[in-house]
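# A closer look at the structure
Listed here are the chains, written in short residue letters.
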Amino acid sequence: MNARYLPYVMILPVTLFLCVFFIYPFVLVAQQAFSVDGSWSLANFQEVVGYWKFPISMKNTLLLALAVVPVQVILALTMATMVTKMKTGRDIVLYIWTIPLGISDLAAGIIWLAIFEQSGFLNSMMHGLGMVDRPVNFLTYQNPGIVFLAIALAEIWRATAIMLVILVAGMGLIPKEYYEAAEVFGASPWKRFLRITLPMLRPSLQTALILRVILAFEIFAVVQALGGTLFPVLMGSVYEYQFDLLNSGAAAAIALIILVISIGFTLLILRALRVPKGATI
Amino acid sequence: MAEILIKNVAKRFGTYQALQDINLTISDQEFMVLLGASGCGKSTLLRIIAGLETATEGEVWIGGRRIDHLAPKDRGISMVFQNYAVFPHLTVFENIGFGLRMQKLPQADVERRVARTAELMQIGELLKRYSGELSGGQRQRVAVARALAMEPDVILMDEPLSNLDALLRLEMRAELKGVLAESSTTAIYVTHDQVEAMSLADRISVMHEGRIAQAATPVEVYRNPAERFIASFIGNPPMNFIDATPAGDGKWTVAGQVFDGPATEKGKLEFAIRPEDVRGAEQGLSLNVRVVEPLGAHLLVTGAVDGHLFRAVLDSDLVVNRGDVLTLAPLPDRVRWFDPDTTLAVN
């Protein structure tokens, strides 16, 4: 085999796989979104955007991403720094911290529901401590703040570990000598984190952030379990259009809107965390 | 004044004794080289002085101030690392100015000092570049400039030239010596390269198995090695050793020849002579030649004297062939003696 063609031959199977199972369905979805009764139309988009729930879903999704992702970044960075500094027991701690990753998002939502619902752990505890006379129903329309908080908490608990894993791997790649040099030249631990770790972690931070932000816009099961209809999000609308209203054109249109938002944020993150030209990390 | 005092320093890693009972005084503005094979503890000692490692025992003083409990930045030192450790995400300017920025110096001062040290190290045009765009030699210059910009009392260097190719190493060696002499800092330089050590040092500390075997001027270390190990480590090729037996009255028999030696009661000594300190003569040690290597400037002859490996560096005009037997007379004032039991030099 000619060595020039070998690489292309080797990536052929995965390319075919992606074409058949990703690009082809994607084209179908796009077609569906942009057509009504077989002809080209923007009616689907007009319908979903004009629906009264759309602005609320959009606002909720963005707010949730805005509240959850920064907390996750800070948590993941802190946890990764701690793990990296550990000499023994590092693997065990890492395994324990990544357990939530192995749980499906719906299951995670149900776990947190078991905590917050009227007969849940939180109520039993508060009742046991004498803080309340009778169980409180937290997850109702009267307490939108608590609903939001519960969803955010569940999401932070569930999905911080994916960033943690990426950041731990990234931190392991930074040579120790840079820290020693920084220490000799007078950088405090905090300054070393700011001036060495963060800039040299940029490639890993990019990956972790993009992954997390995309997943944050696709949030669905956790919200469904904890908020139900109290807290509409974009992905929830996709589900409703597809399965409750049997309007797959509208479902496809919202899916595409989510895709555009994801691409937009990906580009933003890539730009914000880009490595200056000439610098190698 | 930045005199360095190292008092009874020891370092253990678990049960491994990396350093034991190190005592060393380095005078102000002296260029001290720590020389030894890998694993002898020279880098550990340097890192203890830098504050990147803590000594298990002992004290370190710089300029009359005990510093071994202080953070590296409060010790008045700066350092050049083996792999340069030039930050890849910062420009050359920001690399050299890193320490100055950490000291929160005004921008004008940072610019002035970076420009001056960059000029000194001849990297003035590279200030806007990143480390990835520099050659190994240029990166080395940045690392040295970064250390000098701190205007430290003491500059520590950990095998700074070992990653450069031979020609560049020679060039940087001479330049380092010049730059450091001008900067009037005290310097401690770790290397395993004896030529580097000889050419740079005011004094060399030869280290072996976690202790300092000898601390003296390069010529002294070369001429009067305090231990057999040093004699066999320094010099290329190293000293020749031949067993000697007493012939009474301070005289010793070496390969059938009688030499004046130390008057001691010992029943056995080792006779030692450097390869270049022998001359062809009527009477002397007979060398059975096995290998002849013409090196241009001189002739390196390897063979055996009385069953001991013996090398001689001779005049390149001589015609010597494999299988010849040469008679070589050692220069009397260059002969050294070692006690095979203690391996120390005997006078």
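Residues numbered from 1 in each chain as written. Chains lettered and ligands numbered in written order. Predicted model: local features only at pLDDT ≥ 70, side-chain atom pairs only at ≥ 80, totals over all residues. Heavy atoms only, no water.

What follows covers the sheet that holds strand β5 (residues 65–66) of chain B. Taken in spatial order, the four strands of this open sheet run β2-β1-β4-β5 (chain B), and their pairing is antiparallel. Either end of the sheet is taken by a strand with one partner, and the two such strands are β2 (16–26) and β5 of chain B. (Pairing = 2+ DSSP bridges. Helix = DSSP H or I, 4+ residues; strand = E, 2+ residues; numbered from the N terminus.)

Further remarks concern the domain arrangement of chain B. Residue and element names in this part refer to chain B. By the assigned domains, chain B splits into domain 1 (4–233) and domain 2 (240–346). The C-alpha-based centres of domain 1 and domain 2 are spaced at 38 Å. Contacts between the two partners involve nine residues from domain 1, matched on the other side by 11 residues from domain 2. Overall, the association of domain 1 and domain 2 removes approximately 1,000 Å² of surface from exposure, summing both partners, and the carbon and sulfur fraction of that is 45%. By the criterion of area lost to domain 2, the three top residues of domain 1 are Y222, R223 and R228, representing 60% of everything that side buries. Taken together, the connections running from domain 1 to domain 2 amount to two salt bridges. Notably, a salt bridge pairs R228 with E270, separated by 2.6 Å at the nearest N-O pair. Across the contact surface, domain 1 and domain 2 share seven residue pairs in polar contact (both at pLDDT 80 or more). Where the side of domain 1 that touches domain 2 is concerned, the elements lending two or more residues are α8 (218–223) and α9 (228–233). For the side of domain 1 that touches domain 2, the leading source of residues is α9, giving three residues. Here the residues of the side of domain 1 that touches domain 2 are counted per class, giving four nonpolar, two polar and three charged. (Domains from an automatic or database assignment. Contact = heavy atoms within 4.5 Å. Buried area = accessible area lost by both parts, 1.4 Å probe. Salt bridge = Lys/Arg side-chain N within 4 Å of Asp/Glu carboxyl O. Polar contact = N/O pair within 3.5 Å; in protein donor to acceptor, adjacent residues only side chain to side chain. Nonpolar A, V, L, I, M, F, W, Y, C, P; charged D, E, K, R; others polar.)

Residues and elements named next belong to chain A. The final tally for this structure, using the stated rule, is 22 aromatic pairs over all chains. Plain terms: the ring middles of F22 and F26 are 6.4 Å apart, the flat faces sit at 10 degrees to each other, and that makes the pair stacked. Note that F22 and F26 are positioned in helix α1 (residues 6–33) at a spacing of four residues, about one turn of the helix. Accessibility expressed as a relative area gives 35% for F26, which makes it partly exposed. (Phe/Tyr/Trp six-rings, centres within 6.5 Å; stacked < 30°, edge-to-face > 60°. Buried < 20%, exposed > 50% of the residue type's maximum accessible area, 1.4 Å probe, protein only.)

A word on unusual backbone geometry. All names here are of chain B. Note that the residue after N236, namely P237, is joined by a cis bond; omega there is 0 degrees. Along the chain, P237 turns up in the loop between α9 and β11 (240–248). Notably, E209 is not glycine yet its phi reads approximately 50 degrees, a positive angle. With relative accessibility at 56%, the residue E209 sits in the exposed group.

Attention shifts here to helix α1 (residues 42–50) of chain B. Residues and elements named next belong to chain B. Summarising burial for α1: eight of the nine residues are buried, a large majority. Along α1, the residues that are buried comprise K42, T44, L45, L46, R47, I48, I49 and A50. Two residues or fewer after α1 comes G51, characterised by a positive phi angle close to 95 degrees.

Contact residues are listed per partner, giving 22 residues for chain A and 26 residues for chain B. Summed over both partners, the interface of chain A with chain B comes to about 2,200 Å²; 68% of that surface belongs to carbon and sulfur atoms. The largest share of the area that chain A buries against chain B comes from V184(A), F185(A) and R195(A), three residues that together contribute 35% of it. For the interface between chain A and chain B, the tally reads one salt bridge.

Residue and element names in this part refer to chain B. Using the criterion set out here, one finds 27 salt bridges over all chains in the structure. As a salt-bridge pair, E59 and R66 come within 3.7 Å of each other at their nearest N and O atoms. The partly exposed category is assigned to R66, whose relative accessible area is 34%. Between R112 and D109 there is a salt bridge, with its nearest N and O atoms 3.6 Å apart.

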